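# Tertiary structure, described
Now for the letters of each chain:
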Amino acid sequence: MTSNYAEETNFTGASKRLRELERNEVIGEANIDETDEYNKESLMKALQINDFDSALEIGQDQWDLGNYFEAMSVYDQTLSRVMSTSSTKQDYNDATLHHFAELLTRIGMCHTSVGNHIEALNFYEKSLDVLRGKFPCQSHEKIGKVLNAMGMSHAQLGESRNAEECFKASIEELKICGYPNESLANIFENLSKLLVEEGNYHRALDNIEEAIRLQESVQTNDNATRTVEIAGLHLQAGKIHHSLHELGKASSSYRQAVNMLKEEDHPVVAQSLFNLALVYTKVNKLDDALQAHKQALHLKKLLFGSSHEEVADSLNHIGVVWASKGNKGEALKIFKESLRTYRSAGFSESNKSYQNVAKNIALIETS
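Quick look at the structure, then. (Residues numbered from 1 in each chain as written. Predicted model: local features only at pLDDT ≥ 70, side-chain atom pairs only at ≥ 80, totals over all residues. Heavy atoms only, no water.)

### Description of the overall build of the chain
The condition is simple: Helix numbers and strand numbers start at the N terminus; a helix is a DSSP run of H or I with at least 4 residues, a strand a run of E with at least 2. Contacts are assigned to residue pairs that have any heavy atoms within 4.5 Å of one another. Here, Shrake-Rupley sampling with a 1.4 Å probe gives the accessible areas, and only protein chains in the shown set may cover a residue.
Tallying secondary structure elements over the chain gives 18 helices and 0 strands in all. Across the chain, every contact between residues at least 6 apart in sequence was considered, and the portion connecting residues at least 24 apart equals 61%. In the form shown here, the chain has an accessible surface area of approximately 18,400 Å², with 45% of it arising from carbon and sulfur atoms.

Shown next as structure tokens:
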């Protein structure tokens, strides 16, 4: 059934907030009293005796708190101390060179985290020079990790070809050293997402299916985390099938993601239900679409609160389904609720999503 009603959300996308929750990387607002500055005295003592492992731990503590500039400061000071231990790199012993390469990598990661991707790549390349020049056979894991980080920075810069080359090289390096399958799966997922952005859906599907295979082969005591990871991969596979207009396979992948997490209030479930509803709408299974949309709406309210753009978006799609079923009264009521929610979420009349809902209201009122 063709609809004239505006459905803003594309199934391949989600709000920044939803993507953050899918990755379990939501960081709360900085609390100065809670995080505090790193222990400068401990850092000074560590550097005075060239205890670089302790200095790296201090930097890692700041990294874990999301204090990337503080972490960068720790790593910068430590790098300066490492460089002062010998007049040239040729005079470094193996342990010092390992610390040198590790610090370069970590400074690069700090730059990546604050969006300085060009500067990050500069540090990653310096780290690779050290690792490949001095420890080419012993550093496959470190080289693989640096290449993966480089791939992500290239992707953020829109340099797709360079990103793909880095991801592929990373996988090859990590396979050599027998790197854990769950970590390899993450790189295949990164490569798949890159290929999706390029519109290369068939290759993207191959990579996401390999990621699923690797995750399913993992033996772990943390089954809950593993289940979430696999469910998220099935969600990604569903999106790719959806892009290929393979709606039956997309539906199957979305349902698998939902079933894996069962009754959990998780963003992967909310997005899978939402996308499943879009498939049902596409094939004119409107009752099924309505049910899936309502389930997704319930979860989004739990996850984000009632005054959120994700909630407003779901309401708009529910309104579209009611209109397609011929119940214009119910559709109008839902569209108006969606518009109120967009206002509560801070959206103005110039916003495209807001305008789409306003258009849907006008279509109902003038029909």
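Having seen it, we continue.
### Here's the deal with the pattern of salt bridges
Note the cut-off: Take a side-chain nitrogen of Lys or Arg and a carboxyl oxygen of Asp or Glu: if they are within 4 Å of each other, that pair is a salt bridge. Note on classification: 1.4 Å probe, protein chains only; a residue is buried when its accessible area is under 20% of the maximum for its type, exposed when over 50%, partly exposed between these limits.
Counting across every chain of the model gives 12 salt bridges. A salt bridge links Glu141 to Lys145; the nearest nitrogen and oxygen atoms lie 3.2 Å apart. Note that Glu141 and Lys145 are positioned in helix H8 (residues 140-156) at a spacing of 4 residues, about one turn of the helix. Exposure remark for Glu141: the relative accessible area of 35% places this residue in the partly exposed category.

### Quick notes on the environment of Val268
Looking at where Val268 falls in the secondary structure, it is placed in helix H14 (residues 267-282). Residue classification places Val268 among the buried residues on the basis of a relative accessible area of 1%. Note: C-alpha distance between Val268 and Ala231 (37 residues apart in sequence) is 7.1 Å.

### Here's the deal with the environment of Leu286
Relative to the helices and strands, Leu286 resides in helix H15 (residues 286-304). Exposure remark for Leu286: the relative accessible area of 10% places this residue in the buried category. Spatially, the C-alpha atoms of Leu286 and Ile318 are 10.0 Å apart, while their sequence positions differ by 32 residues. Excluding residues that lie within four positions of it along the chain, Leu286 makes contacts with Thr281, Val321, Ser324 and Lys325.

### Details of the side chain of Thr341
For clarity, the threshold we go by: In protein, a polar contact means a hydrogen-donor-capable atom and an acceptor-capable atom, both N or O and within 3.5 Å, with residues adjacent in sequence counting only if both atoms are side-chain atoms; elsewhere, any N or O pair within 3.5 Å suffices.
Within the secondary structure, Thr341 sits in helix H17 (residues 328-344). For Thr341, a relative accessible area of 8% puts it in the buried group. Here the side chain of Thr341 touches Glu337 through a polar contact of 2.8 Å, landing on its backbone oxygen. Excluding its chain neighbours within four sequence positions, the residues that come into contact with Thr341 are Ser306, Ser307, His308, Val311, Ala312 and Leu315.

### Examining the packing of helix H12 (residues 223-243) against helix H13 (residues 247-261)
So the rule is basically this: Whenever a helix is involved, its axis is fitted only over the stretch in contact; in every case the axis is a line through C-alpha atoms, and angles between N-to-C directions fall within 0 to 180 degrees. For classification, angles of less than 35 degrees are called roughly parallel, those exceeding 145 degrees roughly antiparallel, those between 65 and 115 degrees roughly perpendicular, and all remaining angles oblique. It is the rotation of the near helix from the far one that decides the hand of a crossing: anticlockwise by less than a right angle makes it left-handed, clockwise makes it right-handed. Gly is put with the polar residues, along with every residue not named as nonpolar or charged; the nonpolar set is Ala, Val, Leu, Ile, Met, Phe, Trp, Tyr, Cys and Pro, and the charged set is Asp, Glu, Lys and Arg.
With their axes 8 Å apart at the nearest point, H12 and H13 run at an angle of 165 degrees to one another. Of the possible angle classes, the one that applies to H12 and H13 is roughly antiparallel. For H12 against H13, the interelement crossing comes out left-handed. Counting all contacts with H12, which are made through Thr227, Val228, Ile230, Ala231, His234, Leu235, Ala237, Gly238, Lys239, His241 and His242, the residues of H13 involved are Leu247, Lys249, Ala250, Ser253, Tyr254, Gln256, Ala257, Met260 and Leu261. Of the residues in the contact of H12 with H13, the class split is 11 nonpolar, 7 polar and 2 charged.

### As for unusual backbone geometry
One non-glycine residue, Asn50, lies in positive phi territory at about 55 degrees. Tracing the chain through its elements places Asn50 in the loop between helix H3 (40-48) and helix H4 (52-64). Phi is positive for Asn284, which is not a glycine, with a value near 65 degrees. Residue placement: Asn284 occurs in the loop between H14 and H15.

### As for the packing of helix H11 (residues 201-216) against H12
The interhelical angle for the contact between H11 and H12, taken along N-to-C directions, is 165 degrees, at an axis separation of 10 Å. Taken as axis vectors, H11 and H12 run roughly antiparallel relative to one another. H12 is crossed by H11, and the crossing has left-handed handedness. Between H11 and H12, the residues in contact are Tyr201, Ala204, Leu205, Ile208, Ala211, Ile212, Gln215 and Glu216 and Arg226, Glu229, Ile230, Leu233, His234, Gln236, Ala237, Ile240, His241 and Ser243, respectively. For the contact of H11 with H12, the residue count by class is 10 nonpolar, 5 polar and 3 charged.

### Details of H4
Quick reminder of the rule: One less than the number of residues in a helix, times 1.5 Å, gives the span that helix is expected to have. Taking the helix axis as origin, the arc is that swept by the directions to the C-beta atoms.
An ideal rise of 1.5 Å per residue puts 18 Å on 13 residues; H4 measures up with 18 Å between its terminal C-alpha atoms. Residues of H4 that are buried include every one of Phe52, Ala55, Leu56, Ile58, Gly59 and Gln62, and no others. Angularly, the buried residues of H4 cover 155 degrees about the axis, an arc narrow enough to put them on a single face. Residues of H4 that are exposed and angled more than 90 degrees away from the buried face: Glu57 and Asp64. Where the residues of H4 are buried, they touch H3, helix H5 (68-84) and helix H6 (94-113). Remark: Gly66 follows H4 within two positions and exhibits a positive phi of approximately 80 degrees.

### Concerning the environment of Leu339
Among the structural elements, Leu339 can be located in helix H17. Not counting chain neighbours up to four residues away, the residues in contact with Leu339 comprise Tyr354, Val357, Ala358 and Ile361.

### Points about the packing of aromatic side chains
Defined as follows: Only Phe, Tyr and Trp rings are paired, with Trp represented by its six-membered ring, and only when their centres lie within 6.5 Å; those with planes under 30 degrees apart are stacked, over 60 edge-to-face, the remainder tilted. Criterion for a charge above a ring: Lys NZ or Arg CZ within 6 Å of the ring centre, and within 35 degrees of the ring normal.
For the structure shown, the criterion picks out 2 aromatic pairs. Between Trp63 and Tyr68, the aromatic rings sit 4.9 Å apart at their centres with planes inclined by 65 degrees, giving edge-to-face as the arrangement. Sitting over the face of the ring of Phe123, Lys126 holds its NZ or CZ atom 5.4 Å from the ring centroid. Lys300 extends its terminal NZ or CZ atom over the ring of Phe274, reaching a point 4.1 Å from the ring centre.

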